[in-house]
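Structure at a glance
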Amino acid sequence: MLRILWLVPALPLLGVIINGILALFFERPLLLRKYYEDLEKGVHEEDSHGHGAEDHPLFHHWYRQLVSITGPSVVGAAFFVALVCVLILVKRPPHERVFQLDLFTWIQSGEFRTAFSLYLDPLSSVMILVVTGVGFLIHVYSVGYMAHEKGYARYFVYLNLFTFAMLVLVLASNYLLLFVGWEAVGLCSYLLIGYWYEKKSASDAGKKAFIVNRVGDFGFALGMFLLFWTVGSLNFSEVFPKALEMWEAGTLTPAVATAITLLLFVGATGKSAQIPLYVWLPDAMEGPTPVSALIHAATMVTAGVYMVARSNVLYLMSPTTLTVVAVIGGATALFAATIGVAQNDMKRVLAYSTVSQLGYMFLACGVGAFTAGIFHLMTHAFFKALLFLGSGSVMHALAGELDIRKMGGLKKYMPVTFWTFFLATLAISGIPGFSGFFSKDEILWRAFSSPFGGKVFWLLGTVAAFVTAFYMFRMVFLAFFGETRLSPELKEHVHESPKVMTVPLMILAVLSVVGGFVGIPPILGGSNRFEHFLEPVFEKGAELVPAAPHHFSHSLELGLMVLAVLVAAAGIYLAYHFYMKKPELPGKVAEKYPVLYDVVANKYYVDEIYHAIVVYPVYRFSVFLWEVFDVLVVDGIVNGVGRVLLGTGQAVRRLQTGVVHTYAVSLLIGAVILVGYLIFG
Amino acid sequence: MDLQSILLSLKAIVPEMILTATGCLVLLYDLLIPEENRGVHAGISAVGVITALFSVLWFGSERIEAFSGMLAQDTFGSFFTVVVLVSLLLTLMLSRSYNDWEGIQKGEFYALLLFSSVGMLVMAKATDMMTIFLGLELLSIPIYVLVGFDRKRLSSVEGALKYFLLGAFATGFLLYGMALLYAATGATSLSGIAAFAGKENVFGNTLFLAGTALLFVGFGFKVSLVPFHMWTPDAYQGAPTPVTAFMSAGPKAAAFAAVIRVLVVAFPESHPFLLKGLWVVAALTMTVGNVSALVQDDVKRMLAYSSIAHAGYVLVGLVSGDRLGGQAAMYYLFVYSLMNIGAFAIVMLLSEGEERGYAIENFRGVGFRYPVLGALMTVFLVSLGGIPPTAGFVGKFYLFSAAVKKGLILLTVIGVLNSAASVYYYLRVVVYMYMLPERAEEVRPRPVGVGVALALFIATVGVIALGIFPKGLLSFAESSILSIFLS
């Protein structure tokens, strides 16, 4: 029965095909016709949100209705199949909860074999449910959100394609296939960031995402080769047992394990936007909002966390790497949160918030608490998707306005958006009872108590939690509470979003509230079923974990929990104080510490620094290298040698014969070197 | 040689004979038809090529020592025969439309392509230095003419002249190398050289070493390895685009076939120095090719530099020096032909002729106006960049994992780094196509004819299918390389 697993990725692929046909054979001819009509009428292309042209027949063509059905329904069906598969898997005893479906052999040479095969275990179960479940809701939401877009079918092609690629990534049974998904989600992400390609900022952002991820993928590929070289396989079912064997036999040294895991982690920092490669994610918000919700918050960016958790056996072999992961995760969590404080664009605040929350997940992995990381991955998918979709709903109502300084009082205009957004804010701030509370608290406690953890990590996480509560409530207060600061025209325009958008919001709100109940820790009377469910995945690695040096008392755990709640409450109160009670305060603070404010508001000038110390030098360097080869080697050394060889008088002749002469001399020099090398070398 | 063995020998060169006959037929028929009908030659040639392909599939796996050991038909030769013939077929499909647009529709064009391919096939099958040389010259001379075929265009003539002058120079090296090897060993056949090397301590023999080095200079020129690559950008840019596409695929594969055969058969206990020398050349070739491609603003020239880099990747497989590396190199040469010809085909369609050039600016926004062409170009570029799930990825993975297995970690790191950097300039074209607004004056691609469409279809399906199901081609490459390893 589990063999139906192949349907999970296949259904979104079917969507790609159907929507692709519709995009190509219906949408494009219609768009072209409209384009030429507009040209004739002298109408300029309307703004990217396309208001004002909805009466065009293009927007009422039957193909749109069909796309609205096929786009979301394939993902919904995939969710259903995934649910069935997971339920079957859960029926099995815990240690037999692994299923591998071999579709066909992909690459085979000698003893090396890699198959296109799907791998279902508790870890990938969680991932496929999140990807298809949240993905389905976002697809539905998109039907409403993108209704006025010209490239409607094209959008769903990309979105379906992304879902397919992401499912390949999480269901892959080996690193190579995982890499296929890894690259493919990246490609979809660039396509979707640059969806409004007419906008220069959008295409620049697509480029940036692309280049930054190149650095990460380079690390990933090298890590993969090194792993293959050491262990001789890339299949999950072989790599981990074999690595453990070699570890015990001493043939896999800590140094090699560190190298492999660090290289893989470089890949993760690129995809999951961690220091120093996080810079692309905030700019990626140029894409349509549902895309931000799906790709840049709920799923793709968590691929790095998934990969690290999947490789837990390898990571636990190298305490050095774990420390690096934890430091980078913790630092990113705090660093990005502080940037979020001074941003005024709703989506940008959420983007930095995502970077920060991903930092939490890596912090968890770094202290060896992979379950906690995956738990937070799941709850974060719920509430962050909700926050993004909520901001999309606001954007929809305000004709694209995202500056929270120009909002205010939206509560009464958009009650559903407000309430769902508010619940998600409570969840991310770590208010007890909401999903984010359980997962974040688990991470903080493990950061404190794990043998790989330490008080510093706990402190980083807790301070970040304070900042998080502050910037989230700052946004809520500024956008939804108080007097409205909307311009008169916008006040006319503002409206609650249609049902097709608000219903997904409500479902996600429910999940944001109750999503944490699967992982209530024993200390609060729960049994942390989530952790037990994932246990078989991390069991092998657990053998590598040293025994905890201290035993911590329950009262300490409870005490820290209460402290975390107080810290969050303090953050909320501070936001209330600044933005509700004394709204003139923020301006004063900014005036008083202009340098500090400037630095934070400009995101610590990291983009500028990167440009100055990385982008520009690399560009200059490649131009330089090219010039060296072309100009120096050819015209300089070559001519010099040529002169020596052929006599100085020949230098004048060279000018007449052009470059052929110099080319020939270069050939000659190469030949001399090669002959000399072979004879005397 | 008795009649029996001559007949048997002829059986080894059936594809060559078919191509030669087709070439002659094209030349003769050219006299009979009016100028505007000359496109039909592409069709005639294609029929000939397809017939030749079938003949290879029919009895190409049988091993025949032909013409007293000058030439051999084996699976290895057949593999490269298929690579060359497929590249030739795709090129013919592109040429017909291109020659119409550029006003160079002539029968000689097709005849020269066919004759040049005969040279390639001879080179792939040659087991003697004499036949290698014969094949190389037969390959080169028609290509020199083809590069300058558009003789009214200055860049075409310039490229042809440069290529010809330097080619003649390089041929000199090659021939001198062969002469020295003959002087050292007293043999011209590869097996004779191997027998000599097995008996004597050749590594102290200066004549032998100098001969080997010069031989590789000649080969290095043909496959454009650094520092023998200088001619490549000029010749590639000047040549009519279908010829450029063909040059990057067919002759390169044929020359590599000869290199592999020489390495495996004549130097079975590969001189470690030789491999170390090739190591340096491979690293240099990848790096110089990619770095130079990074700063190009002309897509055709960018692809020319990229083809240098790709020769470097293939060389990585040879540096591995074992069966796996050779197999990976062969797989890569095949898929490289497909994706590169595909990319050149789109470049040819989307530009407005040689006069207007191939500046990357011309590609602004065309991805949305012409989504199919844009999507196909993306597939080819993604494959060239080695991103899964395309054939280019599988090929690179194979090459580098062969190197990793041999412990060539540093070379692999250099290769992967190069590959990562190369994605930048490939995808830069995609960025221009999809993420920048169109130019004010719209690019109107040339009408896509049946031949071009078919070529694009074959290339695309090949690139994707070989990426997902690489097994068949890999085992073909495996049995091919075994056929010379064991003989």
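All values reported here derive from a predicted model rather than from experimental measurement.

The rules we used
Residues numbered from 1 in each chain as written. Chains lettered and ligands numbered in written order. Predicted model: local features only at pLDDT ≥ 70, side-chain atom pairs only at ≥ 80, totals over all residues. Heavy atoms only, no water. Helix = DSSP H or I, 4+ residues; strand = E, 2+ residues; numbered from the N terminus. Buried < 20%, exposed > 50% of the residue type's maximum accessible area, 1.4 Å probe, protein only. Areas by Shrake-Rupley, 256 points an atom, 1.4 Å probe, with all protein chains shown as cover. 1 Å grid on protein atoms, 1.4 Å probe; cavity = no way out; pocket = protein on both sides within 12 Å on 5 of 7 lines; lining within 4 Å. Points joined across faces, edges and corners; volume = space filled by probe spheres on them. Core = buried A, V, L, I, M, F, W, Y, C linked by side-chain atoms within 4.5 Å. Contact = heavy atoms within 4.5 Å. Buried area = accessible area lost by both parts, 1.4 Å probe. Salt bridge = Lys/Arg side-chain N within 4 Å of Asp/Glu carboxyl O. Polar contact = N/O pair within 3.5 Å; in protein donor to acceptor, adjacent residues only side chain to side chain. Patch = residues over 30% accessible without salt bridge, like charges linked within 9 Å, V, L, I, M, F, W, Y side chains within 5 Å. Lys, Arg positive; Asp, Glu negative; His and termini not counted. Charge placed at Lys NZ, Arg CZ, Asp CG, Glu CD. pLDDT = per-residue confidence, 0-100. Axes fitted to C-alpha atoms, helices over the stretch in contact; angles between N-to-C directions. Parallel < 35°, antiparallel > 145°, perpendicular 65-115°, else oblique. Nonpolar A, V, L, I, M, F, W, Y, C, P; charged D, E, K, R; others polar. Expected span 1.5 Å × (residues − 1). Bend = angle between axes of the 7 residues up to and from the residue. Left-handed = near helix turned anticlockwise from the far one by under 90°.

Let us now look at the overall build of chain A. Assigned secondary structure in chain A consists of 27 helices and 2 strands. Classification of the 681 residues of chain A by burial places 58% in the buried group. Counting every atom, chain A has about 25500 Å² of accessible surface; 69% of that belongs to carbon and sulfur.

This part takes up empty space enclosed by the protein. Inspection of the entire model under this criterion finds 14 cavities of 30 Å³ or more. In this structure, the largest cavity occupies an estimated 220 Å³ of space. As for the largest cavity, its lining consists of 19 residues, of which F179(A), A221(A), G386(B), V416(B) and S419(B) are closest to the centre. By residue number, the principal contributor to the lining of the largest cavity is helix α6 (residues 200-231) of chain A, which donates 6 residues.

Turning to the nonpolar core, a few remarks are in order. In this structure, M346(A), F480(A), F80(B) and M247(B) are the most contacted members of the largest nonpolar core, which totals 409 residues. If we skip the residues at most four places from it in the chain, F80(B) touches A124(B), A253(B), A257(B), I260(B), M330(B) and L333(B). The next biggest cluster of nonpolar side chains, apart from the first, holds 19 residues, and it includes Y360(A), A369(A), A372(A) and A465(A).

This next bit is on the interface of chain A and chain B. One frequently used descriptor of interface size is the decrease in accessible area upon assembly of the parts. Residue-level contacts link 61 residues of chain A with 70 residues of chain B. For the pairing of chain A and chain B, the buried interface totals around 6000 Å² over both sides, and the portion due to carbon and sulfur atoms is 80%. On the chain A side of the interface with chain B, the three residues burying the most area are F225(A), L667(A) and L678(A), jointly 12% of the side's total. Where chain A touches chain B, the interface holds 0 salt bridges. Taken together, the connections running from chain A to chain B amount to 2 residue pairs in polar contact (both at pLDDT 80 or more). Elements supplying a minimum of two residues to the side of chain A that touches chain B: α1 (7-41), β1 (99-109), β2 (112-120), α4 (152-171), α5 (175-193), α6, α25 (606-646) and α27 (659-680) of chain A. Examining the composition of the side of chain A that touches chain B, we find that 14 residues originate from one element, α27(A), more than from any other.

The next subject is a negative patch on the surface. Taken together, the side chains of E245(A), E248(A), E535(A), E539(A) and E543(A) define an acidic patch exposed on the protein surface. Residue assignment for the negative patch shows that the elements contributing at least two residues are α7 (236-249) and α21 (529-542) of chain A.

Here we take up a nonpolar patch on the surface. Together, L13(A), I17(A), I21(A), L24(A), F25(A) and V372(B) make up a nonpolar patch on the protein surface, roughly 520 Å² of accessible area in all. Tallying contributions element by element places α1(A) first for the nonpolar patch, with 5 residues. Relative to the assigned elements, L24(A) resides in helix α1. Looking at L24(A), the relative accessible area reads 31%, which means it is partly exposed.

Moving on: the environment of L28(B). Looking at the secondary structure, you find L28(B) in helix α2 (residues 14-30). With 305 residues separating them along the chain, L28(B) and L333(B) place their C-alpha atoms 34 Å apart.

With that settled, the discussion passes to unusual backbone geometry. All names here are of chain B. With an omega of 5°, the peptide bond running from V226 to P227 counts as cis. Considering the arrangement of structural elements, one finds P227 in the loop between α9 (206-222) and α10 (231-238). Cis rather than trans, the peptide bond between P388 and P389 has omega equal to 0°. Structurally, P389 can be placed in the loop between α17 (371-384) and α18 (391-405). Positive phi is not limited to glycine here, since S224 has a value of about 50°. Relative to the helices and strands, S224 resides in the loop between α9 and α10. Take S224: its relative accessible area is 0%, and that puts it in the buried class.

Here we come to the side chain of S189(B). Residues and elements named next belong to chain B. Within the secondary structure, S189 is located in the loop between α7 (154-185) and α8 (190-199). Of the polar contacts made by the side chain of S189, one reaches the backbone nitrogen of G192; its length is 3.0 Å. With near-sequence residues (within four places) excluded, S189 lies in contact with T127 and D128.

A word on the confidence of the model for chain A. All names here are of chain A. On average, residues of chain A score 83 in pLDDT, and 88% of them are at 70 or above. At the low end of the mean pLDDT range in chain A sits helix α26 (residues 650-657), at 39; at the high end sits helix α11 (residues 303-310), at 93. Scored below 50 in pLDDT, residues 46-52 makes 13 contacts in the model with residues more than four places away or belonging to other chains. In this model, residues 645-658 is a region of pLDDT below 50 whose contacts with residues beyond four sequence positions or in other chains number 8 contacts.

Turning our attention to the pattern of salt bridges. Where charged atoms of side chains with opposite charge meet at close range, the side chains can pair. In the structure shown here, the tally under the stated rule is 17 salt bridges over all chains. One salt bridge connects D283(A) with R348(A), and the closest N-O pair in it is separated by 3.0 Å. On the criterion of sequence distance, the pair formed by D283(A) in helix α9 (residues 280-283) and R348(A) in helix α14 (residues 346-366) is long-range, its members being 65 residues apart. Across this residue pair, the class does not change: D283(A) and R348(A) are buried. Put simply, R261(B) and D74(B) hold a salt bridge, and the shortest N to O gap is 3.1 Å. Residue R261(B) is found in helix α11 (residues 241-266), and its partner D74(B) is found in the loop between β2 (71-73) and α4 (75-102); the two are separated by 187 residues along the sequence. We note that R261(B), like D74(B), is buried. Connected through shared salt-bridge partners, R63(B), E65(B), D74(B) and R261(B) make up one network.

The subject of this paragraph is the packing of α11(B) against helix α14 (residues 323-350) of chain B. Residues and elements named next belong to chain B. It is the contact of α11 with α14, at a shortest axis distance of 8 Å, that shows an interaxial angle of 170°. Overall, the two elements α11 and α14 adopt an arrangement that is roughly antiparallel. Across the interface between the two elements, T241, P242, T244, A245, S248, A249, A253, F256 and I260 of α11 pack against M330, L333, Y336, S337, N340, I341, F344 and M348 of α14. By residue class, the composition of the contact of α11 with α14 is 12 nonpolar, 5 polar and no charged.

A word on the environment of S318(A). All names here are of chain A. Looking at where S318 falls in the secondary structure, it is placed in the loop between α12 (312-316) and α13 (319-341). Counting along the chain gives 56 residues from S318 to L262, while the straight-line C-alpha distance between them is 9.3 Å. The residues contacting S318, other than those within four sequence positions of it, are A257, T258 and T261.

Residue and element names in this part refer to chain A. Turning to its location among the elements, C365 is positioned in helix α14. You can call C365 buried: its relative accessible area is 1%. For the pair C365 and I18, spaced 347 residues apart in sequence, the C-alpha separation works out to 40 Å.

This part is about helix α19 (residues 409-435) of chain B. All names here are of chain B. In this model α19 runs 37 Å from its N-terminal to its C-terminal C-alpha over 27 residues, within 8% of the 39 Å that 1.5 Å per residue would give. The largest bend in α19 is about 30°, located at L427. The element α19 is extensively covered by neighbouring structure, given that 20 of its 27 residues are classed as buried.

With 30 residues, helix α2 (residues 62-91) of chain A extends 44 Å between its outermost C-alpha atoms, agreeing within 8% with the 44 Å of an ideal straight helix rising 1.5 Å per residue. At S73(A), α2(A) shows its largest bend, some 25°.

Let us now look at the packing of α11(B) against helix α13 (residues 299-320) of chain B. All names here are of chain B. Between α11 and α13, the shortest axis-to-axis distance is 12 Å and the interhelical angle comes to 15°. Here α13 runs roughly parallel to α11, going by the angle between their axes. Crossing handedness for the pair α11 and α13: right-handed. In this structure, α11 uses T241, T244, S248, K252, F256, V259, I260 and L263 to contact α13, whose residues at the interface are K300, S307, I308, A311, V314, L315 and L318. For the contact of α11 with α13, the class distribution of residues is 9 nonpolar, 4 polar and 2 charged.

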